[in-house]
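# Architecture at a glance
If you want the building blocks of each chain, they are given just below.
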Amino acid sequence: MAYSGSSSCTKESGSGVFSVLNYGAVGDGITDDSGAFLAAWTSTCGAVLYASTLFIPEGKTFLLNPLKFEGPCKSLSINIQVYGNIVAPDKAAWTGQNLQDWLVFLNLDGLIVDGSGLIDGHGSSWWDQYKGLDDFSVG
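Residues numbered from 1 in each chain as written. Predicted model: local features only at pLDDT ≥ 70, side-chain atom pairs only at ≥ 80, totals over all residues. Heavy atoms only, no water.

### Remarks on the nonpolar core
In plain terms, the rule: What makes a nonpolar core is a set of buried Ala, Val, Leu, Ile, Met, Phe, Trp, Tyr and Cys residues whose side-chain atoms join them at distances within 4.5 Å. Here the term buried applies to any residue with accessible area under 20% of the maximum for its type, exposed to any over 50%, and partly exposed to those in between, with areas from a 1.4 Å probe on protein chains only. For helices the rule is a DSSP run of H or I covering at least 4 residues; for strands it is a run of E covering at least 2, with both sets numbered from the N terminus onward. Here, residues are in contact when the closest pair of their heavy atoms is within 4.5 Å.
The biggest cluster of nonpolar side chains holds 21 residues, and the ones touching the most others in it are Val20, Phe37, Trp41, Leu54, Ile56 and Ile86. Going through the elements one at a time, helix H1 (34-46), strand S3 (51-56), strand S5 (67-70) and strand S6 (77-82) are the ones with two or more residues in this core. Ranked by residues supplied to this core, first place goes to H1 with five residues. Leave out the neighbours within four places in its chain, and Ile56 touches Val20, Phe37, Phe62, Ile80, Gln81, Val82, Tyr83, Gly84 and Ile86.

### Here we look at the sheet that holds strand S7 (residues 85-87)
Here is the rule: Two strands are counted as paired when DSSP detects at least two bridges linking them. Here, axes are lines fitted to C-alpha atoms. For helices the fit covers the stretch in contact, and angles between N-to-C directions go from 0 to 180 degrees.
One open sheet holds the four strands; their spatial order is S2-S4-S7-S10, and the pairing between them is parallel. Of all strands in the sheet, those with a lone pairing partner are strand S2 (28-32) and strand S10 (118-120), marking the two edges. Ignoring which end each strand starts from, the neighbouring axes of this sheet average 20° apart. Across three bridges, the pairing between strand S4 (residues 61-63) and S7 is parallel. Residue pairing for S7: Leu63 is matched across the bridge by Val87.

### Observations concerning the sheet that holds S6
Taken in spatial order, the four strands line up as S1-S3-S6-S9 in an open sheet, and their pairing is parallel. Strands with a single pairing partner mark the edges of an open sheet, and in this sheet they are strand S1 (17-19) and strand S9 (111-114). Between one strand and the next, the sheet's axes are offset by a mean angle of 15°, whatever the strand orientation. Relative to S3, S1 is paired through three bridges, and the arrangement is parallel. Paired with Val17 across the bridge in S3 is Thr53. The sheet contacts of H1 involve S1, S3 and S6, and relative to S3 the element is tilted by about 165°.

### Describing the packing of aromatic side chains
For the record, the criterion: Here is the rule: rings of Phe, Tyr and Trp (six-membered ring for Trp) pair when centre to centre is within 6.5 Å. Planes less than 30 degrees apart are stacked, more than 60 are edge-to-face, and the remainder are tilted.
Inspection of the entire model under this criterion finds four aromatic pairs. For the ring pair Phe55 and Tyr83, a centre distance of 5.8 Å and an interplane angle of 40° mean the geometry is tilted. Of this pair, Phe55 sits in strand S3 while Tyr83 sits in the loop between S6 and S7; the two residues are 28 residues apart in sequence, bridging distant segments of the chain. Given the relative accessible area of 0%, Phe55 is considered buried. Here the aromatic rings of Phe69 and Phe105 are separated by 5.1 Å at their centres, their planes lie at 15°, and the arrangement is stacked. Linking Phe69 in strand S5 with Phe105 in strand S8 (residues 103-106), this pair joins segments that are 36 residues apart in sequence.

Shown next, in the form of structure tokens:
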């Protein structure tokens, strides 16, 4: 399913496109939009369609704390269209969180992630923590 990338995407009724804005995401880069993303994901993953799309609109920056996007989904194909920016919280905000998992995708078949947006985990602030570790692996 293709979409033009317009940030005015609000159509959902039967369209298979689920905009995070319709679930309460603010996109100011300060407000935690995690709950809105999970609610939109629940609708996207639960849609009984050939293809469903989680839409992240352009012109906005969404702050996300660690999240799991988990399947299996009812659609045969799931598309996450990232046109806006997604950012991780500052390292100091991760107290009590698993420091190795920010955005996790589990048990998903047919997942497509595309778009012209940015996903910024602030990686450079984490690099010092893993310097010199020979056994570090992502998994």
